[in-house]
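# Summary of the model geometry
Read off the chains here:
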Amino acid sequence: MTRAIIHVDMDAFYAAVEQRDHPAYEGRPVIVGADPKKGKGRGVVAACSYEARAFGVHSAMPISRAYRLCAHAIFLPVRMNRYEEVSEGIFGILRRYTDRVEPLSIDEAFLDVTGSARLFGEPTEIGRQIKAEIWREERLTASVGVAPNKFIAKIASDFKKPDGFVIVRSEEVKTFLQDLSVEHLWGVGKKTAATLRALGIKTLGELARWPEEAVSRRLGMVGGHLCLLSRGVDDRPVIPEAMAKSIGAETTFSIDLDDLRQIRQTLLRLAERVSARLRREDTAGSTITLKLRFADFTTLTRSLTVAEPIALTEEIHAKALALFQKIPLHGRRVRLLGIALSKLTSKTSPGQIPLFPADPRKEKAAEAVDEIRRRFGEAGIVRASLLSSESGERNR
Amino acid sequence: MHAQVARNSFLSTLAQVQGVIEAKRTIPILSHLLLEAKGNTITLSGTDLDVSMQTSLFGEVKQEGAVAISGKKLYEIVRELPDAPIDLRWEEGQNVQIVCAKSSFRLKGITPEEFPALPHIPEGAGITIAAETLRTMIPKTLFAVSTDQTRPTLTGALLQAAEGELSMVATDGHRLSLVKAPIHAAKAGGAIEAIIPRKALAELGKMLKEETGDVRLVPLDHQIAFLLNGSRLITRLIEGQFPNYEQVLPSPSGPGALLRREDLLGALRRASTISGDRATPTVLELKADRLLISCKNIDLGEAKEELSMEYRGPETTVGFSVRYLLDFLGVVDETEVSMHIHDPLSPALFEPKKGEGFSCVIMPMRI
């Protein structure tokens with residue numbers, strides 16, 4: 001069966017986040033990394049904007065060199081916490097389409113959407129939506145590649161960077177790879193490339209025409225693997241993160257909200273989603289975090305830790321509301337709301353046992369609701385308090 | 001208004017009343033205390049609209065009247081004044097004048113009409129209990145009151161009076177404390193069932209401090225009043241259903257384990273230095289005549305203690321949050337405590353040896 005793999009790679013991620021957070025940097029060369037100290041700095045470039053790349057600056061380059069190439073650039077320190085926060089939002093978007101998300105780094109991931117077609121449409125459509133949602137919710141661009149396997153998807157996402165969107169269908173694989181240089185192969189560095197060149201192999205097309213044994217004789221074990229890749233064969237699976245450290249859901253409104261009733265309803269809807277996911281993973285969380293982004297993109301997170309892990313919608317909603325009520329709004333409009341539970345534990349893991357056992361009927365009811373939704377979809381059963389609501393949310 | 005009071009008694013009265021007034025000044029008048037001079041008494045009142053306290057002291061009243069003054073400032077000033085008579089004087093449209101020995105202050109005052117009226121308390125209604133008895137009940141329940149605002153009914157102690165008995169119970173959902181005492185049978189009135197907020201309990205404790213005599217409890221509409229020797233505390237009640245606590249009270253079967261309070265307290269305190277936060281269980285291993293206490297903290301290391309005890313039940317191992325055990329031991333007056341542990345997943349019962357109507361139920365932690 002043909003798989004559908006998507007590779008998502010954020011464009012100049014750290015630099016792009018800085019440009020977004022500081023509109024004054026937009027369109028200007030931004031270099032994130034060590035302090036250049038007027039050319040005497042000793043660290044390296046962590047990331048740079050495309051404007052800086054035009055001057056020949058690239059990541060991992062010594063900061064002193066970058067300073068010489070582009071002294072007028074905006075040099076910024078690495079704000080890892082901030083990038084992680086943004087990254088979480090992006091991974092949240094990716095996980096809307098499948099739970100088979102394999103993060104490669106803070107700003108890069110593989111998705112296996114083979115099974116998502118019935119729910120979300122064709123893989124190309126999913127790729128397009130992911131790009132659009134990342135832009136709409138985070139104001140950042142991603143390059144996306146859609147292909148039958150990881151190898152091609154990764155090349156595809158890189159093909160038209162930045163803001164690229166490249167689809168390689170099964171029948172197009174051969175043509176797509178044909179003229180690519182062998183350096184596109186993972187694990188092919190200068191040395192291997194030189195060996196291949198000595199054989200007269202410069203492109204993947206040329207490599208594909210060589211018999212596997214002949215290549216293996218010269219390159220060893222890896223040769224066979226490279227041959228397969230050059231023919232577009234790569235069956236490595238997408239391996240989702242072992243165990244989620246937190247389970248959450250968030251949503252961005254199509255119109256920034258200041259209606260408290262709608263906000264409360266949204267929190268209820270998010271609590272429902274988180275609760276269902278917790279049950280699916282057979283877990284509960286003791287730290288609840290509320291994320292709130294205002295229309296001006298200022299983002300706040302507030303959390304609280306409870307003594308007993310919670311998983312029921314009502315409990316999550318109550319805590320989220322309590323957190324929300326402590327945030328002074330000062331009339332600001334809300335753009336995004338999110339709820340996440342962390343410090344996850346299963347029912348049998350160590351911890352305080354409640355004195356008053358939870359009503360088992362509540363849990364049973366929640367499970368019944370999950371089952372109804374599994375059979376008839378999200379709208380199969382709806383809380384009465386959410387019936388009247390116009391969701392105003394851009395996404396599920 | 002014009003009156004004279006003794007500094008020391010004024011200060012202790014102020015200390016009592018100013019505890020209830022609002023720390024955050026959202027409504028200015030709530031950060032004020034009402035001073036009323038009438039006959040030969042000065043009455044001080046403070047309120048945060050939920051809890052109100054009123055108490056009076058002897059004063060030489062030269063001109064009757066009343067005024068509201070910033071409670072915090074008045075308290076700070078009086079605290080620093082020498083032990084000499086304090087002269088308080090106020091006239092409409094002027095500042096309040098406070099003169100003591102060679103010090104004098106002028107403070108802004110607010111007309112008494114702006115101060116919220118305290119509810120009228122009907123004469124002779126309610127039930128009575130010895131102040132000393134009620135005073136000892138408060139610390140035995142206050143520690144178990146929840147601070148989790150998302151479970152409002154647990155943020156107070158349930159007070160129940162019926163059939164010649166007064167009981168108070170508090171729980172945070174992990175442990176529960178229950179204390180009972182007889183009411184003066186002759187004066188027993190109607191039944192009372194009310195959830196008293198934590199703050200009111202704490203302030204009531206202060207009001208009863210060093211007092212003798214009887215406290216009168218008067219149920220009002222959504223409120224309850226406590227009256228004692230000219231002082232009164234009125235509190236709003238927490239609405240809602242207190243959990244059915246009787247269903248989790250374990251019935252003590254057999255004699256349980258008997259331990260010296262001091263020994264257990266010392267051992268647990270030492271073990272608690274390792275336990276760190278609430279998430280780490282302290283493990284109790286009950287053997288014949290011996291109790292092994294241990295606590296392992298992956299980040300720090302471990303602690304082990306051994307105590308001798310009287311125990312004839314089956315050997316068992318159970319984990320607890322050490323804080324809950326310490327909280328209980330901290331309010332026990334007796335030298336020996338009993339411990340009834342059924343199994344590692346059921347509520348355990350802790351009591352002073354002689355009982356005395358005090359029980360603490362602690363739910364174990366899963367180890």
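From a predicted model like this one, the values you see are computed outputs, not experimental measurements.

About the criteria used
- Residues numbered from 1 in each chain as written.
- Chains lettered and ligands numbered in written order.
- Predicted model: local features only at pLDDT ≥ 70, side-chain atom pairs only at ≥ 80, totals over all residues.
- Heavy atoms only, no water.
- Helix = DSSP H or I, 4+ residues; strand = E, 2+ residues; numbered from the N terminus.
- Contact = heavy atoms within 4.5 Å.
- Areas by Shrake-Rupley, 256 points an atom, 1.4 Å probe, with all protein chains shown as cover.
- Phe/Tyr/Trp six-rings, centres within 6.5 Å; stacked < 30°, edge-to-face > 60°.
- Buried < 20%, exposed > 50% of the residue type's maximum accessible area, 1.4 Å probe, protein only.
- Pairing = 2+ DSSP bridges.
- Axes fitted to C-alpha atoms, helices over the stretch in contact; angles between N-to-C directions.
- Buried area = accessible area lost by both parts, 1.4 Å probe.
- Salt bridge = Lys/Arg side-chain N within 4 Å of Asp/Glu carboxyl O.
- Polar contact = N/O pair within 3.5 Å; in protein donor to acceptor, adjacent residues only side chain to side chain.
- Nonpolar A, V, L, I, M, F, W, Y, C, P; charged D, E, K, R; others polar.
- pLDDT = per-residue confidence, 0-100.
- Arc of directions from axis to C-beta.
- Parallel < 35°, antiparallel > 145°, perpendicular 65-115°, else oblique.

### Notes on the overall build of chain A
- From N to C terminus, chain A includes 16 helices and 13 strands.
- The contacts of chain A with a sequence gap of at least 6 include a subset with a gap of at least 24, amounting to 66%.
- Summing over all exposed atoms, chain A offers an accessible surface of approximately 19,800 Å²; the carbon and sulfur share of this is 54%.

### Notes on the packing of aromatic side chains
All names here are of chain B.
- Counted by the stated rule, this structure contains ten aromatic pairs over all chains.
- When the ring of phenylalanine 320 is compared with that of phenylalanine 350, the centres are 5.7 Å apart and the planes differ by 75°; the resulting orientation is edge-to-face. With phenylalanine 320 in strand 23 (residues 316-320) and phenylalanine 350 in strand 25 (residues 348-352), this pair connects stretches of sequence that are 30 residues apart. When sorted by exposure, phenylalanine 320 lands in the same class as phenylalanine 350, which is buried.
- Among the aromatic residues, those joined into a cluster by ring pairs are Phe320, Phe328, Phe350 and Phe358.

### Points about the pairing of strand 13 (residues 165-171) of chain B
All names here are of chain B.
- Buried residues dominate strand 13, accounting for six of its seven residues.
- Pairing of strand 12 (residues 156-162) with strand 13 involves five bridges; the strand directions are antiparallel. What sits directly across from glutamine 160, in strand 13, is serine 167.
- Joining the antiparallel neighbours strand 12 and strand 13 is a turn of two residues, in which glutamate 163 adopts a positive phi near 45°.
- Note: strand 13 against strand 14 (residues 175-182), seven bridges, orientation antiparallel. When the bridges of strand 14 are listed, serine 167 appears paired with lysine 180.
- In textbook terms, the turn of a hairpin is the stretch between consecutive antiparallel strands, and for strand 13 and strand 14 this stretch comprises three residues, one of which, glycine 173, has a positive phi near 95°.

### Remarks on the sheet that holds strand 7 (residues 85-89) of chain B
Residue and element names in this part refer to chain B.
- One open sheet accounts for five strands, arranged 5-1-7-8-9; its pairing is antiparallel. Strand pairing shows two members of the sheet lacking a second neighbour, strand 5 (60-63) and strand 9 (103-107), which therefore form its edges. Ignoring strand direction, the axes of neighbouring strands in this sheet form an average angle of 15°.
- Relative to strand 9, strand 8 (residues 96-100) runs antiparallel, the two sharing five bridges. What sits directly across from isoleucine 98, in strand 9, is phenylalanine 105.
- Sitting on the sheet, helix 1 (residues 7-18) touches strand 1 (2-6) and strand 7, and the angle it makes with strand 1 is about 95°.
- Its contacts with the sheet put helix 2 (residues 71-80) on strand 7, strand 8 and strand 9, and the angle it makes with strand 9 is roughly 180°.

### Focus: the interface of chain B and chain A
- With 25 residues of chain B at the interface, the matching set in chain A holds 15 residues.
- The contact between chain B and chain A buries some 1,500 Å² in all, and 63% of this surface belongs to carbon and sulfur atoms.
- Area buried by chain B at its contact with chain A is led by B:Thr150, B:His174 and B:Arg366, which between them contribute 41% of it.
- On the surface where chain B and chain A come into contact, there are one salt bridge.
- Across the salt bridge formed by B:Asp148 and A:Lys319, the nearest N and O atoms sit 3.2 Å from each other.
- In this assembly, chain B and chain A are joined by six residue pairs in polar contact (both at pLDDT 80 or more).
- If you list the elements that add at least two residues to the side of chain B that touches chain A, you get strand 14 and strand 27 (365-366) of chain B.
- Across the side of chain B that touches chain A, the residue classes break down as 13 nonpolar, seven polar and five charged.

### Focus: the confidence of the model for chain B
- Scored by pLDDT, chain B comes out at a mean of 91, with 96% of its residues at no less than 70.
- Confidence estimates for the predicted assembly give a pTM of 0.63 and an ipTM of 0.83.

### Comments concerning unusual backbone geometry
- The amide bond that connects A:Lys161 to the next residue, A:Pro162, takes the cis arrangement and shows omega of -5°.
- On the secondary structure map, A:Pro162 appears in the loop between helix 7 (150-159) and strand 8 (165-167).
- Its identity is not glycine, yet B:Leu49 carries a phi of approximately 80°, on the positive side.
- Here B:Leu49 lies in the loop between strand 3 (41-47) and strand 4 (51-58).

### Re the sheet that holds strand 11 (residues 299-310) of chain A
All names here are of chain A.
- Within the open sheet, the four strands sit side by side as 9-12-10-11. Their pairing is antiparallel. Strands with a single pairing partner mark the edges of an open sheet, and in this sheet they are strand 9 (246-257) and strand 11. Sheet twist, expressed as the mean angle between neighbouring strand axes with direction ignored, is 15°.
- Judged from the ten bridges that link them, strand 10 (residues 284-294) and strand 12 (residues 334-345) form a sheet pairing that is antiparallel. Bridging across to strand 12, leucine 290 finds its partner in isoleucine 339.

### Structural notes on the pairing of strand 11 of chain A
All names here are of chain A.
- In the sheet, strand 10 pairs with strand 11 via eight bridges, with the strands oriented antiparallel. Pairing of isoleucine 288 across the sheet is with leucine 304, part of strand 11.
- What sits between the antiparallel neighbours strand 10 and strand 11 is a turn of four residues, in which phenylalanine 297 has the positive phi angle 75°.

### Quick look at the environment of A:Tyr50
All names here are of chain A.
- Among the secondary structure elements, tyrosine 50 is positioned in helix 2 (residues 50-53).
- When its relative accessible area of 28% is taken as the criterion, tyrosine 50 is described as partly exposed.
- Setting aside chain neighbours within four positions, we find tyrosine 50 in contact with Asp11, Ala12, Lys161 and Pro162.

### Remarks on helix 2 of chain B
All names here are of chain B.
- Those residues of helix 2 that fall on the buried side of the exposure criterion are Gly71, Leu74, Tyr75, Ile77 and Val78. For helix 2, the arc enclosing every buried residue in end-on projection is 165°, short of the 170-degree limit, so these residues lie on one face.
- Buried residues along helix 2 sit against helix 1, strand 2 (32-38), strand 6 (65-70), strand 7, strand 8 and strand 9.

### Things to note about the environment of A:Pro350
- Within the secondary structure, A:Pro350 sits in the loop between strand 12 and strand 13 (351-352).
- You can call A:Pro350 exposed: its relative accessible area is 53%.
- Here A:Pro350 is in contact with B:Arg366 and B:Ile367, once residues within four sequence places are set aside.

### Concerning the packing of helix 1 (residues 13-21) of chain A against helix 4 (residues 80-94) of chain A
Residues and elements named next belong to chain A.
- In contact at an axis separation of 10 Å, helix 1 and helix 4 are set at 95° when each is read in the N-to-C sense. As the angle between them shows, helix 1 and helix 4 are arranged roughly perpendicular. Contact residues: helix 1 offers Phe13, Tyr14, Val17, Glu18, Arg20 and Asp21, while helix 4 offers Met80, Arg82, Tyr83, Val86, Ser87 and Ile90.

### Quick look at the pattern of salt bridges
Residue and element names in this part refer to chain A.
- Taken as a whole and assessed by the stated rule, the structure comprises 44 salt bridges over all chains.
- Between aspartate 258 and arginine 333 there is a salt bridge, and its shortest N-O distance comes to 3.5 Å. On the criterion of sequence distance, the pair formed by aspartate 258 in the loop between strand 9 and helix 13 (260-280) and arginine 333 in the loop between helix 14 (313-325) and strand 12 is long-range, its members being 75 residues apart.
- Under the relative-accessibility criterion, arginine 333 is labelled partly exposed at 38%.
- Ionic pairing is found between arginine 383 and glutamate 314, a salt bridge with its closest N-O pair at 3.2 Å. In this pair, arginine 383 is assigned in the loop between helix 15 (360-376) and helix 16 (384-387) and glutamate 314 in helix 14, connecting sequence segments 69 residues apart.
- Each of Glu18, Arg20, Asp21, Arg79, Arg82, Glu85, Glu138 and Arg293 takes part in a single network of salt bridges with overlapping partners.

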